[in-house]
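This is what each chain is made of:
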Amino acid sequence: MTDPRDIIDQRPMSRFQWGVVAIMVGLNALDGFDVLSISFASPGIAKAWGIDRAALGVVLSMELIGMSIGSILLGGLADRMGRRRTILGCLLVMAAGMYLASTAHDVTTLSAWRVLTGLGIGGMLAATNAAVAEVSNAARRNLCVVLMAGGYPVGAIIGGSIAAELLKRFDWPAVFEFGAIATLCFVPIVLFFAPESIAFEMQRPGERTLARVNRTLARMGHGAIEALPSMTRAPARLPLAALFSPALARTTLLLTLAYLAHIMTFYFILKWIPKIVVDMGFAPAAAAGVLVWANVGGASGSLVLGLLTTKVRLRTLAVAAMAASAVLIGIFGRGQADLTELALVAAAAGFFTNAGVVSLYGLLAQSFPTDVRATATGFAIGVGRGGSALAPALAGFLFAAGYGLQLVAILMALGSVIALLALLALRDKPV
């Protein structure tokens with residue numbers, strides 16, 4: 001074989017390749033903590049500033065707006081400048097946003113810094129999804145992408161446990177300060193242990209491309225190639241319009257709709273658990289604990305779905321996860337007798353809502369070619385999370401208008417139902 005992409009596709013995964021996947025899992029875990037840090041801190045913020053649910057819902061939505069912009073703009077950047085450079089830049093933006101959030105003294109400044117954090121998160125999500133798909137072999141690609149996406153609840157579990165301890169000893173800014181430090185710690189890890197994707201290098205051949213490709217192949221445990229295969233240089237800029245070509249338009253629209261609809265359900269449960277639990281009369285630390293259990297369920301859902309991808313079609317798994325997600329969100333809305341029951345229901349809801357999210361990451365990775373993979377992922381995440389910014393705010397306004405938890409939960413569960421219908425309309429085979 002002379003094409004290094006074929007070597008990666010057909011040879012067994014090496015320890016180095018699994019190591020790169022592990023780094024990307026860690027980055028997504030970091031994303032999980034960074035996104036949910038505002039949820040961990042929200043009860044303390046509401047108490048300190050005296051803001052109501054409607055105002056808090058707006059704050060909870062701010063990083064989603066940043067993610068929307070970052071995913072679309074920086075996702076395309078990852079297809080032009082590289083996955084690794086984009087990830088490194090996004091880490092610096094995220095760290096700055098997290099630290100500055102700890103200094104905020106009102107809703108306006110806190111919202112601005114959450115938008116900045118979201119910019120970094122959005123770009124990193126698009127880049128890591130592409131990076132994992134391109135470092136994995138064909139047999140393990142779906143599993144690796146699902147594992148990467150499963151890092152989100154793992155980060156929320158670990159970060160939530162730390163946040164619960166921080167909130168016992170310090171005020172809410174400590175949560176953001178911890179997030180900034182953890183984010184910066186990943187910069188040297190990516191710099192030294194996560195090389196640029198070979199598939200991306202092949203899209204931008206130059207004088208040093210062969211040497212870089214062979215260095216990466218050596219780190220993977222593969223032999224060097226003597227020359228790059230003949231191929232046409234990709235255009236310097238990849239227009240977003242390419243996603244709406246006849247070959248890609250249907251897939252782009254359906255996966256974007258599915259992500260948009262389901263992520264609204266997903267963020268309703270994750271963003272509002274702490275405030276809902278506190279309003280039931282429990283302490284903020286207990287509320288963080290329930291959110292941790294929701295993410296324990298989410299991590300379990302990611303792992304189970306990942307293992308099932310070797311036996312069952314990914315789209316079938318995704319449809320099943322969406323159906324179960326809608327049912328469990330409705331059950332959560334009924335309310336529970338005590339904290340233990342509430343945590344168990346939250347864990348079950350987290351299992352299926354997160355399984356649905358990670359299945360969509362897998363479908364995005366397998367459904368688009370290398371030259372538009374990060375752009376497509378960024379577009380779906382950008383539109384999805386931009387629209388989903390309405391979810392916490394919408395729930396907040398519904399609560400403020402006097403609607404009960406049961407009705408609000410049923411309305412928000414409809415997102416998973418819409419996602420299910422979009423996936424059923426998707427082509428059986430990826431493009």
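Residues numbered from 1 in each chain as written. Predicted model: local features only at pLDDT ≥ 70, side-chain atom pairs only at ≥ 80, totals over all residues. Heavy atoms only, no water.

Trainee: Could you give me a rundown of the overall build of the chain, with the residues and numbers involved?
Mentor: Helices and strands together make up the secondary structure of the chain, namely 17 helices and 0 strands. Relative to the globule expectation of 22 Å for 431 residues, the C-alpha radius of gyration of the chain, 21 Å, shows essentially globular dimensions. Counting only C-alpha atoms and orienting by the principal axes, one finds that the chain spans roughly 70 × 45 × 35 Å. For the chain, the residues scored as buried account for 59% of the 431 residues in total. Within the chain, contacts between residues at least 6 apart in sequence are counted, and of these 84% link residues at least 24 apart. Each charge class in the chain can be summarised by its mean position, and for the 32 positive and 22 negative side chains these summaries are 6 Å apart. (Helix = DSSP H or I, 4+ residues; strand = E, 2+ residues; numbered from the N terminus. Rg over C-alpha atoms; globule rule 2.2 N^0.38 Å. Buried < 20%, exposed > 50% of the residue type's maximum accessible area, 1.4 Å probe, protein only. Contact = heavy atoms within 4.5 Å. Lys, Arg positive; Asp, Glu negative; His and termini not counted. Charge placed at Lys NZ, Arg CZ, Asp CG, Glu CD.)

Trainee: I'd love a proper account of the packing of helix α13 (residues 314-332) against helix α17 (residues 405-424), names of residues and values included.
Mentor: Where α13 contacts α17, the two axes come as close as 7 Å, and the packing angle between them is 170 degrees. Of the possible angle classes, the one that applies to α13 and α17 is roughly antiparallel. Residues Arg 315, Ala 318, Val 319, Met 322, Ala 323, Ser 325, Ala 326, Ile 329, Gly 330 and Phe 332 of α13 form the contact with α17, whose participating residues are Leu 405, Gln 406, Ala 409, Ala 413, Ser 416, Val 417, Ala 419, Leu 420, Leu 423 and Leu 424. Its residues assigned to classes, the contact of α13 with α17 comprises 15 nonpolar, 4 polar and 1 charged. (Axes fitted to C-alpha atoms, helices over the stretch in contact; angles between N-to-C directions. Parallel < 35°, antiparallel > 145°, perpendicular 65-115°, else oblique. Nonpolar A, V, L, I, M, F, W, Y, C, P; charged D, E, K, R; others polar.)

Trainee: Tell me about the packing of helix α11 (residues 249-279) against helix α16 (residues 390-400), and name the residues and values.
Mentor: Interaxial distance between α11 and α16 falls to 8 Å at its minimum, and their mutual angle equals 50 degrees. When the axis of α11 is compared with that of α16, the two are oblique. Our pair here, α11 against α16, has a crossing hand that is right-handed. On α16, the residues touching Met 264, Phe 268, Lys 271, Trp 272 and Ile 276 of α11 are Leu 390, Ala 391, Pro 392, Ala 395, Gly 396 and Phe 399. (Left-handed = near helix turned anticlockwise from the far one by under 90°.)

Trainee: Let's hear about the side chain of His 222: which residues, and what values?
Mentor: Mapped onto the secondary structure, His 222 falls in the loop between α10 (209-219) and α11. Relative accessible area serves as the criterion here: at 11%, His 222 is assigned to the buried category. With sequence-adjacent residues up to four places away left out, His 222 is seen in contact with Ile 7, Arg 11, Pro 12, Gln 17 and Leu 217.

Trainee: An account of the pattern of salt bridges is needed here, citing residue identities and associated values.
Mentor: Applying the stated criterion across every chain yields a total of 8 salt bridges. With a shortest N-O distance of 3.2 Å, Arg 373 and Glu 134 are connected by a salt bridge. Of this pair, Arg 373 sits in helix α15 (residues 370-388) while Glu 134 sits in helix α5 (residues 107-135), and the two are 239 residues apart along the sequence. Look at Glu 134 and you get buried, because its relative accessible area is 7%. Lys 168 serves as the salt-bridge partner of Glu 165, at 3.3 Å between the closest nitrogen and oxygen. Of this pair, Glu 165 and Lys 168 are both found in helix α7 (residues 151-169), 3 residues apart, which corresponds to roughly one turn of the helix. (Salt bridge = Lys/Arg side-chain N within 4 Å of Asp/Glu carboxyl O.)

Trainee: Any chance you could break down the layout of surface pockets for me, citing the residues and the numbers?
Mentor: There is about 470 Å³ of room inside the largest pocket. Lining the largest pocket we find 15 residues, and of these Arg 84, Arg 85, Glu 196, Glu 201 and Arg 212 sit closest to its centre. For the lining of the largest pocket, the elements supplying multiple residues, two or more each, are α3 (53-81), α4 (83-101), α8 (173-193), α9 (198-203) and α10. Examining the composition of the lining of the largest pocket, we find that 4 residues originate from one element, α10, more than from any other. Looking at the lining of the largest pocket residue by residue, the class counts come to 5 nonpolar, 1 polar and 9 charged. (1 Å grid on protein atoms, 1.4 Å probe; cavity = no way out; pocket = protein on both sides within 12 Å on 5 of 7 lines; lining within 4 Å. Points joined across faces, edges and corners; volume = space filled by probe spheres on them.)

Trainee: Before we move on, could you go through α16 and cite the residues and values that matter?
Mentor: Among the residues of α16, those classed as buried are Ala 391, Pro 392, Ala 393, Ala 395, Gly 396, Leu 398 and Phe 399. Just past α16, the residue Gly 402 takes up positive phi, approximately 100 degrees.

Trainee: Talk me through the environment of Thr 310; I want residue IDs and the actual numbers.
Mentor: The residue Thr 310 is located in the loop between α12 (284-308) and α13 in this model. On the basis of relative accessibility, which here comes to 47%, the residue Thr 310 falls in the partly exposed class. The spacing of Thr 310 and Ala 224 is 86 residues in sequence and 30 Å in space, taken between C-alpha atoms. At 2.9 Å, the side chain of Thr 310 forms a polar contact with the backbone oxygen of Leu 307. (Polar contact = N/O pair within 3.5 Å; in protein donor to acceptor, adjacent residues only side chain to side chain.)

Trainee: Describe helix α14 (residues 339-367), and please don't skip the residues or the numbers.
Mentor: Residue pairs three or four apart in sequence face the same way in an α-helix, which turns once every 3.6 residues. Relative to the 42 Å expected for 29 residues at 1.5 Å per residue, α14 spans 42 Å between its end C-alpha atoms, a close match to the ideal helical length. Burial analysis of α14 places 21 of its 29 residues in the buried class, the great majority of the element. (Expected span 1.5 Å × (residues − 1).)

Trainee: I'd like a rundown of the environment of Val 290, residues and numbers included.
Mentor: Looking at where Val 290 falls in the secondary structure, it is placed in helix α12. You can call Val 290 buried: its relative accessible area is 2%. Once residues lying within four places of it in the same chain are set aside, the contact partners of Val 290 are Ile 273, Val 277, Leu 339, Leu 342, Ala 343 and Ala 346.

Trainee: Describe the nonpolar core, with residues and values.
Mentor: Considering soluble globular proteins, one finds that nonpolar side chains tend to be buried as a cluster. In terms of nonpolar packing, the biggest core is built from 129 residues, with Met 24, Leu 27, Leu 91, Phe 268, Ile 273 and Leu 423 touching the most fellow members. With 16 residues, α11 is the single largest residue contributor to this core. Sequence-distant contacts of Met 24, defined by excluding residues within four places in its chain, comprise Ile 87, Thr 128, Ala 131, Val 132, Met 148 and Ala 194. (Core = buried A, V, L, I, M, F, W, Y, C linked by side-chain atoms within 4.5 Å.)

Any functional reading would require information beyond the geometric quantities listed.
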